[in-house]
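The chain contents come next:
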Amino acid sequence: ALRALCLAGLGAAIGGGAADQCSWRGSGLSQEAGSVEQLSLHCAEGSLEWLYPTGALRLRLAPRLPPTSAAVKGGSPPHVTACIKPTGTFRGAQLYLEREGVLELLLPEAPRPRARCFSWLPQEKVALFLQATPHPDISRRIAAFRYELRGDWLARPALPAASLGTEGACRPCNDTEILMAICTSDFVIRGSIRSVSNDVELQESIIGVSATRIHRQKFPLFQAGGRPGRPVGSIRTPLRCGVKPGPGTFLFTGWLHFGEAWLSCAPRYRDFQRIYEGAQRMRQNPCEFPVD
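Definitions and limits used
- Residues numbered from 1 in each chain as written.
- Predicted model: local features only at pLDDT ≥ 70, side-chain atom pairs only at ≥ 80, totals over all residues.
- Heavy atoms only, no water.
- Pairing = 2+ DSSP bridges.
- Helix = DSSP H or I, 4+ residues; strand = E, 2+ residues; numbered from the N terminus.
- Axes fitted to C-alpha atoms, helices over the stretch in contact; angles between N-to-C directions.
- Parallel < 35°, antiparallel > 145°, perpendicular 65-115°, else oblique.
- Contact = heavy atoms within 4.5 Å.
- Nonpolar A, V, L, I, M, F, W, Y, C, P; charged D, E, K, R; others polar.
- Salt bridge = Lys/Arg side-chain N within 4 Å of Asp/Glu carboxyl O.
- Buried < 20%, exposed > 50% of the residue type's maximum accessible area, 1.4 Å probe, protein only.
- Core = buried A, V, L, I, M, F, W, Y, C linked by side-chain atoms within 4.5 Å.
- Disulfide = S-S within 2.5 Å.

Asker: Let's hear about the sheet that holds strand β5 (residues 56-61): which residues, and what values?
Answerer: The strand order across the open sheet built from five strands is β3-β5-β10-β7-β8, with neighbouring strands paired in mixed fashion. Here the strands that pair on one side only, and so sit at the sheet edges, are β3 (36-41) and β8 (102-107). Here the strands of the sheet are splayed against their neighbours by 25° on average, with no regard to which way each runs. Relative to strand β10 (residues 126-132), strand β7 (residues 93-99) runs antiparallel, the two being bridged by seven bridges. Each bridged residue has a counterpart across the sheet, and for Arg 99 the counterpart in β10 is Val 126.

Asker: Run through the packing of helix α3 (residues 175-184) against helix α4 (residues 269-281), naming residues and quoting values.
Answerer: Interhelical geometry of α3 versus α4 gives an angle of 90° and a closest axis separation of 10 Å. The angle between α3 and α4 falls in the class roughly perpendicular. Facing α3, whose interface residues are Asp 175, Ile 178, Leu 179 and Ile 182, α4 presents Phe 272, Ile 275, Tyr 276 and Ala 279. In terms of residue class, the contact of α3 with α4 is built from seven nonpolar, no polar and one charged.

Asker: Describe the pattern of salt bridges, naming the residues involved and giving the relevant values.
Answerer: This structure, assessed with the given rule, holds seven salt bridges. With its nearest N and O atoms 2.7 Å apart, the salt bridge here joins Arg 25 to Glu 49. Highlighted residues: Arg 25 in strand β2 (residues 24-27) and Glu 49 in strand β4 (residues 45-51), separated in sequence by 24 residues. Residues Glu 98 and Arg 58 are paired through a salt bridge, measuring 3.0 Å at the closest nitrogen-oxygen approach. Of this pair, Glu 98 sits in strand β7 while Arg 58 sits in strand β5, and the two are 40 residues apart along the sequence. Neither residue differs from the other here; Glu 98 and Arg 58 are each classed as buried. Where salt bridges share partners, they join Glu 204, Arg 236 and Glu 260 into one cluster.

Asker: Lay out α3 with the relevant residues and their values.
Answerer: Residues of α3 that are buried include every one of Glu 177, Ile 178, Leu 179, Met 180, Ala 181 and Ile 182, and no others. Turning to α3, the residues buried within the fold contact β12 (187-199), β13 (204-217), β16 (250-257) and α4.

Asker: So, the nonpolar core: which residues are in play, and what are the values?
Answerer: Leu 48, Trp 50, Phe 118, Leu 128, Leu 130 and Phe 145 are the most contacted members of the largest nonpolar core, which totals 28 residues. Apart from residues no more than four positions distant in its own chain, Leu 128 is found in contact with Leu 57, Arg 58, Leu 59, Leu 61, Ile 84, Leu 95, Tyr 96, Leu 97, Leu 106, Phe 118 and Phe 145. Residues Ile 178, Ile 182, Leu 251 and Phe 289 belong to the second largest nonpolar core, which totals 14 residues.

Asker: I'd like a rundown of the state of the cysteines, residues and numbers included.
Answerer: Considering all chains together, one arrives at four disulfides under this definition. Across a sulfur-sulfur distance of 2.0 Å, Cys 173 and Cys 265 are joined as a disulfide pair. With the S-S dihedral at roughly -90°, the linkage between Cys 173 and Cys 265 falls on the left-handed side. Of this pair, Cys 173 sits in the loop between β11 (142-150) and α3 while Cys 265 sits in the loop between β17 (260-263) and α4, placing them 92 residues apart in sequence. No difference in accessibility class separates Cys 173 from Cys 265, as the two residues are buried. With a sulfur-sulfur separation of 2.0 Å, Cys 183 is cross-linked through a disulfide to Cys 287. Handedness here is read from the sign of the S-S torsion; for Cys 183 and Cys 287, about -90°, the answer is left-handed. With Cys 183 in helix α3 and Cys 287 in the segment after α4, this pair connects stretches of sequence that are 104 residues apart.

Right, dumping it as structure tokens:
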């Protein structure tokens, strides 16, 4: 019945929502019973808020992405990765991934506020299908989530979602991945581990970091608050990676994920120096980086 509703509603577009290129907000009260509203968003990140869900929404995510390194160098076709994070009050609907006409449940009703991620090739037909669940009283139900999209994550992502296929996220980065991470990551921080705490419910470890040098950060993730002149911040990684506090100086790299820092590669700084200087002698370093 769900598949029939999805396919039958492909041509039905019902008004009643406000959208820009990135986000959409609307109410199911304006939809006809059994209708499917067609939506399309064109940003790398944004949000959707569906008040009083009835019927269904079909959302196509079509970000304008720059070419990835793999595409530029003629490597394997680049994937697009999307992550969906429900609000803590997500109610009244279930979210499905529609891939080539096949539906897969991403978020049940009242899910834990964890991100779910998935990838696809540009030529694949992919959409999100939000199906209202029947309730006698819909007045207190709002289905809302945030989304992020980008091209290949370039360095291996360590995101909290088995659906992304992160079985290799816990292994140490190889030399090539480390060199690429310093060039492409959202943050590159030299520093030491202050603490490690574990969130069992979210299956995340939070690494407290004291920075000795901020090489790059897209947003002020690390700010003054530790010892004089030492910015501090936190970086997340999957709990199953078993991160432990340890001495020494590391080079932390990674990605922003819904406003939080997620770890990609974290070599000891002396090992990074050796790798970078070796690549520099061979003229194989992908970008310039200050080493001292």
